[in-house]
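Structure assessment
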Amino acid sequence: MSEQPDSSTGATPAAATGPRGRSRARLLLVLAAVVLALDLATKLVVVATLSDREPLRLLGGALYLTEARNTGAAFSFAEGATVVFSLIALAVVVVIVRSARRMYSTAWAVTLGLVLGGALGNLIDRVFRDPGFLQGGVVDFISVFDPYGRVFPIFNIADSAIVCGGVLGVLLAFRGIEFDGSRSSDRPDAVTG
C-alpha cells in the first residue's frame, strides 16, 4: 500500500517526518558568523586597550584579561607549527562548509557552527597578523587564576568555541547521532551485538 501525498504540501507523510527534515545549514552558518564576529570584535578591543598594559584583574583574581600572542594551536599547544595549523584550519573550514548542506541535525549544526566560527577567527589572525601570511600570532586574552597563563593557558573566544564544539561533537558521536539527525542504532546497516 503506497502512502498518499498530503494535499496541502504534496509530500508523503514519511517524507515530512523522516529523520532528514529541513537542512540546518543556515543555523550552522549563522552561528559560525556570530562566533566569528564576537571573536574578531573582542580581539580588536583587546589589541586597542590592553597592549603594553598590565593585565586587568576580574572576579577577585579568578579571571584576568591580558594580551598574548599564540603561534601554536588552541591553548598554546605546539607553538612554532603555525603554518601547519593554518593549513589544518583551512581544511577544517572547507570540509565543514561542504558538509553544511547535508546537515539535518540541529545539534550537529550547533557543534560545527562553533568549530567553524572558531577556526575562521584564529585563521584570520594567522593570515593577517605579524609576522606574516599563515604565520601570524593569534590574539589570546583570557587567563584564569593567573595573569600570565601559568595555571591554564591563555585563550580567546575562538579557542573556547572550538573546544565546546569538539566536546559536543564527541558527545553526539558517543550517542550515535548522525548528521541527518538519526541515530546510528536506528539504521538497518547498524551492527547489533
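Further up the page is the structure itself.
Residues numbered from 1 in each chain as written. Predicted model: local features only at pLDDT ≥ 70, side-chain atom pairs only at ≥ 80, totals over all residues. Heavy atoms only, no water.

**Focus: the overall build of the chain**
Broken down by element type, the chain carries five helices and three strands. Looking at the chain as a whole, 36% of its 193 residues are labelled buried. In the chain, once contacts between residues fewer than 6 apart in sequence are set aside, the share between residues at least 24 apart is 65%. Accessible area for the chain stands at about 11300 Å²; split by element, carbon and sulfur atoms hold 65% of it. (Helix = DSSP H or I, 4+ residues; strand = E, 2+ residues; numbered from the N terminus. Buried < 20%, exposed > 50% of the residue type's maximum accessible area, 1.4 Å probe, protein only. Contact = heavy atoms within 4.5 Å. Areas by Shrake-Rupley, 256 points an atom, 1.4 Å probe, with all protein chains shown as cover.)

**Section: helix α4 (residues 106-128)**
Each α-helix turn comprises 3.6 residues. Residues three or four places apart therefore point the same way. In this model α4 runs 33 Å from its N-terminal to its C-terminal C-alpha over 23 residues, within 8% of the 33 Å that 1.5 Å per residue would give. The backbone nitrogen of A107 has a side-chain oxygen 3.4 Å away, supplied by the residue at the start of α4, namely S105. (Expected span 1.5 Å × (residues − 1). Polar contact = N/O pair within 3.5 Å; in protein donor to acceptor, adjacent residues only side chain to side chain.)

**Things to note about the pairing of strand β2 (residues 63-70)**
When strand β1 (residues 56-58) meets β2, the two strands line up antiparallel, connected through three bridges. From the neighbouring strand, L56 faces β2, where its bridge partner is L65. What sits between β1 and β2 in their antiparallel hairpin is a turn of four residues, with L59 showing a positive phi close to 55°. Relative to strand β3 (residues 138-144), β2 runs antiparallel, the two being bridged by six bridges. Within the sheet, the bridge partner assigned to L65 lies in β3 and is I142. (Pairing = 2+ DSSP bridges.)

**Examining a nonpolar patch on the surface**
A cluster of nonpolar side chains, V83, L87, L90 and V94, forms an exposed patch at the surface whose accessible area comes to about 310 Å². L87 sits in the partly exposed class, given a relative accessible area of 46%. (Patch = residues over 30% accessible without salt bridge, like charges linked within 9 Å, V, L, I, M, F, W, Y side chains within 5 Å. Salt bridge = Lys/Arg side-chain N within 4 Å of Asp/Glu carboxyl O.)

**Some details on the sheet that holds β3**
What the three strands build is an open sheet, ordered β1-β2-β3; its pairing is antiparallel. Edge strands, defined here as strands with exactly one partner in the open sheet, are β1 and β3. Shown here is a sheet whose adjacent strand axes are inclined to one another by a mean of 35°, direction ignored. Where helix α2 (residues 25-50) meets the sheet, its contacts fall on β2 and β3, and the angle it forms with β3 comes to roughly 80°. (Axes fitted to C-alpha atoms, helices over the stretch in contact; angles between N-to-C directions.)

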